[in-house]
Amino acid sequence: MAKQEDLFRDVVSHAKEYGFIFPSSEIYDGLSAVYDYGQNGAELKNNIKQYWWKAMVQLNENIVGIDSSILMHPTTWKASGHIDAFNDPLIDNKDSKKRFRADVLIEDFAAKLEDKAQKEIEKAAKRFGEAFDKAQFESTNQKVIDYRQRQKTILERMAKSLENNDLADVKALIEELEIADPDTGSKNWTDVRQFNLMFGTKLGASAENAMELFLRPETAQGIFVNFLNVQKTSRHRLPFGIAQIGKAFRNEIVARQFIFRMREFEQMEMQYFVPPGTELQHYEEWKQKRLNWHLALGLGAENYRFHDHEKLAHYANAAADIEFKFPFGFKELEGIHSRTDFDLGAHEKHSGRKLQFFDPERNESYVPFVVETSVGLDRLFLAIFSNALKQEKLDDGSERTVLSLPPALAPVKAAILPLVKKDGLPEFAEKIFNDLKFDFNVISEEKDSIGKRYRRQDAIGTPFCITVDHESLSDSSVTLRERDTMKQERVSASELRRIIDEKVNMRSLLEKI
Ligand code: ATP
């Protein structure tokens with residue numbers, strides 16, 4: 001089996017070679033942690049957005065979608081707490097001169113303890129075979145208990161130190177655990193410092209009068225400040241939600257994992273406004289709903305897990321991540337937060353405007369509580385893309401690279417391939433193209449042998465190839481090849497739309513949620 005790093009390297013190079021993701025401004029040697037989506041990447045990304053938008057806005061009667069601006073009045077960020085508290089603890093290694101997030105170094109150390117516990121469990125499972133009782137083993141095996149207890153102690157101490165802004169203790173913890181720079185092994189660390197992640201910019205023509213602005217570090221605040229506008233014009237009562245997809249910007253300290261951690265990225269967020277006191281029940285419901293949404297993609301339930309937060313952000317009374325098993329291990333894919341009435345309350349205070357809802361059942365006005373679901377579109381792209389990329393050995397001994405994307409998300413739904421470039425086959429192919437193009441993103445390709453063309457389509461995840469040959473001219477039949485099974489069948493050209501639609505329709509995904 002390929003090593004994890006090799007797998008990740010393959011993902012990055014495949015994404016570039018097949019027009020999914022390019023480094024930004026590459027002719028100038030790129031810009032660190034900023035990427036561009038190419039022709040296939042843009043399609044895949046749009047399809048992921050559509051899957052999310054439809055699941056949120058279309059399937060839920062009480063959720064509406066908006067599109068707010070990236071630039072916002074600067075007081076927004078004072079109220080939200082981002083100016084004072086949107087910091088990451090940063091530490092430098094004096095020998096390698098590399099910069100790290102201190103919390104991530106500690107979390108990675110703790111994760112290794114969990115890996116060790118898992119190894120013990122796997123070993124025992126092998127030893128005991130069918131008689132193995134995992135729950136019992138986990139609660140009685142001393143080694144597993146010790147690993148987990150140690151992990152808990154470390155994470156709790158870190159959470160407490162960060163909460164109290166005791167950065168000296170964060171450093172002390174790194175030293176006590178003997179954490180080394182993962183690349184060089186050096187343990188020669190600087191002190192830990194806080195670093196604000198917001199990008200600043202200016203509005204206005206002259207330097208003296210310019211207003212200091214920030215590029216939004218999350219899309220959520222655009223929803224909060226519009227809460228009353230949307231509530232009044234949509235006439236929704238609580239509970240109701242506002243969804244949004246948009247760019248966010250963070251000056252990340254460490255950004256070495258391709259599109260996992262970018263400085264410009266896209267979020268898909270939904271704020272669910274609920275009566276006070278009901279938020280934790282809605283929070284639990286949304287945790288499950290969001291997990292189900294991910295599971296419907298079919299990437300494998302074993303690749304997901306919840307991680308409940310030890311350290312709660314300043315605005316939350318409960319928070320969890322949905323983690324995904326990326327090629328570099330389990331990492332956060334989506335956050336689900338019970339944000340209390342913090343944001344709306346803070347905007348009320350800073351703006352002097354009431355942001356309340358009159359609840360006819362309770363016969364009172366109040367600031368709603370909020371449950372947020374927030375998923376990174378680019379991280380989702382990486383999860384889907386890396387999970388889909390496979391090297392397969394075929395029966396004839398040859399190999400193929402296939403991108404087994406969920407068909408509804410595939411950039412191109414079908415490729416129409418005339419066997420030769422003459423005898424009227426291209427014209428027949430064009431007729432099919434002109435019929436299918438109104439329903440699906442299809443392409444037509446004439447160059448290279450049919451085998452090569454199949455391989456190219458496999459590599460970008462196209463669910464169907466339609467081959468037009470001489471027989472097609474006499475009986476209007478074509479060969480339809482399916483990506484995953486590589487099975488070929490003869491079908492009538494008039495059936496293509498129905499067959500393709502059955503497989504690639506977004507409805508097939510949405511119905512599984
Ligand atoms: P992390 O702990 O990984 O920095 P976070 O907890 O700061 O993430 P949130 O503020 O909860 O992230 O943002 C919600 C979602 O936005 C995350 O779950 C993630 O999918 C995505 N996201 C956050 N930061 C980035 C980034 N720099 N690049 C790409 N996606 C990101």
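Residues numbered from 1 in each chain as written. Predicted model: local features only at pLDDT ≥ 70, side-chain atom pairs only at ≥ 80, totals over all residues. Heavy atoms only, no water.

I keep staring at the overall build of the protein and nothing clicks. Help me out?
The helix and strand inventory of the protein stands at 18 helices and 23 strands. Here the C-alpha radius of gyration of the protein, 26 Å, is about what a compact globule of 513 residues would show, namely 24 Å. By principal-axis analysis of the C-alpha atoms, the protein measures approximately 80 × 60 × 55 Å. Across the protein, the fraction of contacts at a sequence separation of at least 24, relative to all contacts at a separation of at least 6, is 66%. (Helix = DSSP H or I, 4+ residues; strand = E, 2+ residues; numbered from the N terminus. Rg over C-alpha atoms; globule rule 2.2 N^0.38 Å. Contact = heavy atoms within 4.5 Å.)

Help me out: how do you make sense of helix α2 (residues 39–58) in this one?
Owing to its 3.6 residues per turn, the α-helix brings residues three or four apart onto one side. Between its first and last C-alpha, α2 extends 27 Å over 20 residues, near the 28 Å set by a 1.5 Å rise per residue. Along α2, the residues classified as buried are Asn40, Gly41, Leu44, Lys45, Asn47, Ile48, Tyr51, Trp52, Ala55, Met56 and Val57. (Expected span 1.5 Å × (residues − 1). Buried < 20%, exposed > 50% of the residue type's maximum accessible area, 1.4 Å probe, protein only.)

Would you take a moment to explain the UniProt feature "binding site: substrate" (unreviewed entry) in the protein for this structure?
When the UniProt feature table is mapped onto this chain numbering, "binding site: substrate" (unreviewed entry) sits at Arg101, Glu218, Phe265, Glu266, Gln267, Met268, Glu269, Glu372, Thr373, Ser374, Val375 and Gly376. The annotated residues occupy 276 residues of the chain and do not converge on a single region, their most distant C-alpha atoms lying 25.2 Å apart. From the list above, the largest cavity is lined by Phe265 and Glu266. As for its placement among the helices and strands, Arg101 is situated in strand β5 (residues 99–101). Looking at Arg101, the relative accessible area reads 15%, which means it is buried. (UniProt positions renumbered as here; feature names shortened; annotations may be inferred. 1 Å grid on protein atoms, 1.4 Å probe; cavity = no way out; pocket = protein on both sides within 12 Å on 5 of 7 lines; lining within 4 Å.)

Please explain the domain arrangement of the protein as it appears in this structure.
One frequently used descriptor of interface size is the decrease in accessible area upon assembly of the parts. Taken domain by domain, the protein holds domain 1 (1–70 + 216–393) and domain 2 (398–511). Using only C-alpha atoms to locate each centre, domain 1 and domain 2 end up separated by 33 Å. On the domain 2 side, the residues contacting the 23 residues of domain 1 number 21 residues. Contact between domain 1 and domain 2 buries roughly 2,100 Å² in total, counting both sides, with carbon and sulfur atoms accounting for 65%. Contact with domain 2 buries surface across domain 1, with Asn47, Tyr51 and Glu392 losing the most and accounting together for 24% of the total. Run the count over domain 1 and domain 2 and you get 2 salt bridges. (Domains from an automatic or database assignment. Buried area = accessible area lost by both parts, 1.4 Å probe. Salt bridge = Lys/Arg side-chain N within 4 Å of Asp/Glu carboxyl O.)

What exactly am I supposed to notice about the site of the ligand here?
Taken together, 16 residues sit near the ligand, with Glu252, Arg261, Met262, Glu332 and Leu333 positioned nearest. Here an oxygen atom of the ligand and a side-chain polar atom of Arg261 are 2.8 Å apart. Within the backbone of Leu333, a nitrogen or oxygen atom sits 2.8 Å from an oxygen atom of the ligand. For the ligand, whose unbound accessible area comes to 590 Å², protein coverage reaches 87%. Counting residues per element, the shell around the ligand draws most heavily on strand β13 (residues 329–340), at 5 residues. (Near = heavy atom within 4 Å. Polar contact = N/O pair within 3.5 Å; in protein donor to acceptor, adjacent residues only side chain to side chain. Areas by Shrake-Rupley, 256 points an atom, 1.4 Å probe, with all protein chains shown as cover.)

What is the right way to read the pattern of salt bridges from this model?
When the charged atoms of two side chains with opposite charge come close together, those side chains can pair. Scanning the model with the defined rule gives 46 salt bridges in all. Between Arg497 and Asp439 there is a salt bridge, with the nearest N and O atoms lying 3.5 Å from each other. Of this pair, Arg497 sits in helix α17 (residues 496–504) while Asp439 sits in the loop between α14 (425–436) and β20 (442–444), placing them 58 residues apart in sequence. The exposure class assigned to Arg497 is partly exposed, which follows from its relative accessible area of 40%. Between Arg483 and Asp484 there is a salt bridge whose closest N-O contact spans 2.8 Å. Judged by its relative accessible area of 2%, Arg483 falls in the buried class.

How do you make sense of the nonpolar core when you look at a structure like this?
A general tendency of soluble globular proteins is for nonpolar side chains to be buried together. Grouped together as the largest cluster of nonpolar side chains are 62 residues, with contacts concentrated most on Phe20, Ile48, Tyr51, Trp52, Phe381 and Leu409. Broken down by element, the residue count for this core peaks at 8 residues, all from helix α13 (residues 377–388). Looking at which domains feed residues into this core, each of domain 1 (1–70 + 216–393) and domain 2 (398–511) supplies at least three. Residues contacting Tyr51, with those up to four places away along its chain left out, are Trp293, Ala296, Leu297, Leu409, Met506, Leu509, Leu510 and Ile513. If you look at the next biggest cluster of nonpolar residues, it comprises 20 residues, including Leu436, Phe464, Ala493 and Leu496. (Core = buried A, V, L, I, M, F, W, Y, C linked by side-chain atoms within 4.5 Å.)

Explain the sheet that holds strand β10 (residues 264–274) here, please?
As a general point, the strands of a sheet are linked pairwise by backbone hydrogen bonds and lie either parallel or antiparallel. Strand order in the open sheet formed by 7 strands is β3-β9-β10-β16-β13-β12-β11, with mixed pairing between adjacent strands. If you trace the sheet from one side to the other, it starts and ends with β3 (63–66) and β11 (304–308), each paired once. Taking each pair of neighbouring strands and ignoring which way they run, the sheet shows an average axis angle of 25°. With 10 bridges connecting them, strand β9 (residues 240–249) and β10 associate as antiparallel partners. Pairing of Gly246 across the sheet is with Gln267, part of β10. Along the sheet face, helix α10 (residues 227–234) touches β3, β9 and β10 and points at about 140° away from the line of β9. Each of β3, β10, β11, β12 (318–326), β13 and β16 (369–376) is contacted by helix α11 (residues 279–295), which is oriented at about 150° to β13, the strand it contacts most. (Pairing = 2+ DSSP bridges. Axes fitted to C-alpha atoms, helices over the stretch in contact; angles between N-to-C directions.)

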